[in-house]
Amino acid sequence: MGNKQSREQTRPNERGKPCTCDVFDLSVACEDDALCLSLTTDLPVNTRVAVSAYRFLSERNSHQWQWTCFEGAVPVKQLQNGLNGFVLRLTNDELDTKGLHVYRHLKRSMNVIIATLSASLEISASAPTTRHRFGLCNRRLTGKAVTVFPSGHLLERLATIDIPISTTVMKQLGL
């Protein structure tokens, strides 16, 4: 049996439905010291979108770490304008408290001492979160918003916004 024939027999069957995505718009804003994040898309309802938000923590020796403020998979819901998407609103305290827990772990395990914490928040939204939602490596996911890689197809948007650091967390850090 030749290599090509062997590959055809061991290749997983194509699963998942074809999907076209032409709209995957991420918008972020700072309203009343809170992050307001919204995604508008034409992906099907219940498609899970991975969302993460982080700052950068700098040590005295100028080494940088990610201060993770939010990580989660958010399902797409039907919106009123005929498209799908979601809206997240997270306060500074909600965002930075999670980062404080991660910092305390770093401080205990690696003796990381904070010098500065960036006011800028990096936000990432990518879909789908499952590797085979739209076929093998999501190769049945097509459209204007889709990025094609040799390893599969992906939707991803990045944004940066300046949002003040939580005063409660700053007091706990002694900064």
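Above this text you will find the structure in question.
Here the residue numbering is sequential within each chain, running from 1 through the sequence in written order. Given that the model is predicted, a residue must reach a pLDDT of at least 70 before its local features are reported, and side-chain atom pairs must reach 80 or more before they are shown or counted; all residues, however, enter totals for whole chains, interfaces and linings. Hydrogens and water are ignored here; the side-chain numbers use all heavy atoms of the structure.

*Asks:* Could you give an account of the overall build of the chain, naming the residues involved and the relevant values?
*Replies:* Helix and strand counts for the chain stand at 3 helices and 12 strands. In this setup the radius of gyration rests on C-alpha atoms only. A globule is expected at 2.2 Å times the number of residues raised to 0.38. The C-alpha radius of gyration computed for the chain amounts to 20 Å, which surpasses the reference 16 Å derived for 175 residues by more than 25%, pointing to a less compact arrangement than a globule. In terms of principal-axis extent, the alpha carbons of the chain reach across some 65 × 45 × 20 Å. For the exposure calls, accessible area comes from a 1.4 Å probe over protein chains only, and a residue counts as buried if that area is under 20% of its type's maximum, exposed if over 50%, partly exposed in between. The buried share of the chain, reckoned over its 175 residues, is 39%. Here the contacts in the chain between residues at least 6 apart in sequence split such that 71% fall between residues at least 24 apart. Each helix is a run of H or I in the DSSP string that is no shorter than four residues. Each strand is a run of E no shorter than two, and both are numbered from the N terminus. The contact rule is simple, with two residues in contact once any of their heavy atoms fall within 4.5 Å.

*Asks:* Please set out the packing of aromatic side chains residue by residue, giving values where relevant.
*Replies:* Pairing of aromatic side chains requires ring centres within 6.5 Å, counting the rings of Phe and Tyr and the six-membered ring of Trp. Pairs whose planes differ by under 30 degrees are stacked, by over 60 edge-to-face, and all others tilted. Applying the stated criterion to the full structure yields 1 aromatic pair. Plain terms: the ring middles of Tyr 54 and Phe 56 are 5.6 Å apart, the flat faces sit at 85° to each other, and that makes the pair edge-to-face.

*Asks:* Explain the layout of surface pockets to me, and be specific about the residues and the numbers.
*Replies:* In this model, the largest pocket occupies a volume close to 160 Å³. Lining the largest pocket we find Pro 128, Thr 129, Thr 130, Arg 131, Cys 137, Asn 138, Phe 149, Ser 151, Gly 152, His 153 and Leu 154. The element contributing the most residues to the lining of the largest pocket is strand β12 (residues 152–162), with 3 residues. Along the lines of polarity and charge, the residues of the lining of the largest pocket split into 4 nonpolar, 6 polar and 1 charged. Grid spacing is 1 Å over the protein atoms alone, the probe is 1.4 Å, and a cavity is where that probe fits but cannot get out, while a pocket is an open set with protein on both sides within 12 Å along at least five of seven lines and lining residues have an atom within 4 Å of a point. Grid points are joined across faces, edges and corners, and a volume is the space filled by probe spheres set on the points. Polar here means any residue other than Ala, Val, Leu, Ile, Met, Phe, Trp, Tyr, Cys and Pro, which are nonpolar, and Asp, Glu, Lys and Arg, which are charged; Gly is therefore polar.

*Asks:* Quick one: what's the story with the pairing of strand β3 (residues 34–41), residue by residue and with numbers?
*Replies:* The buried fraction of β3 is high, at 7 of 8 residues. What sits between strand β2 (residues 24–30) and β3 in their antiparallel hairpin is a turn of 3 residues, with Asp 32 showing a positive phi close to 55°. In this analysis, strands are considered paired if DSSP registers two or more bridges between them.

*Asks:* Account for the environment of Val 45, with residues named and values stated.
*Replies:* Within the secondary structure, Val 45 is located in the loop between β3 and β4 (48–59). Judged by its relative accessible area of 38%, Val 45 falls in the partly exposed class. Each residue touching Val 45, except ones within four places of it in the same chain, is listed here: Val 76, Lys 77, Gln 78, Asn 84 and Arg 133.

*Asks:* Which residues make up the pattern of salt bridges, and what are the values?
*Replies:* Should their charged atoms come close, side chains of opposite charge can pair. By salt bridge we mean one thing: a side-chain nitrogen of Lys or Arg within 4 Å of a carboxyl oxygen of Asp or Glu. If you walk through the whole model with that rule in mind, you get 2 salt bridges. With a closest N to O distance of 3.5 Å, Glu 31 and Arg 89 form a salt bridge. Here Glu 31, found in the loop between β2 and β3, pairs with Arg 89, found in strand β7 (residues 84–91); they are 58 residues apart in sequence, far enough to count as distant. Notably, a salt bridge pairs Arg 55 with Asp 96, separated by 2.9 Å at the nearest N-O pair. With Arg 55 in strand β4 and Asp 96 in helix α2 (residues 92–110), this pair connects stretches of sequence that are 41 residues apart.

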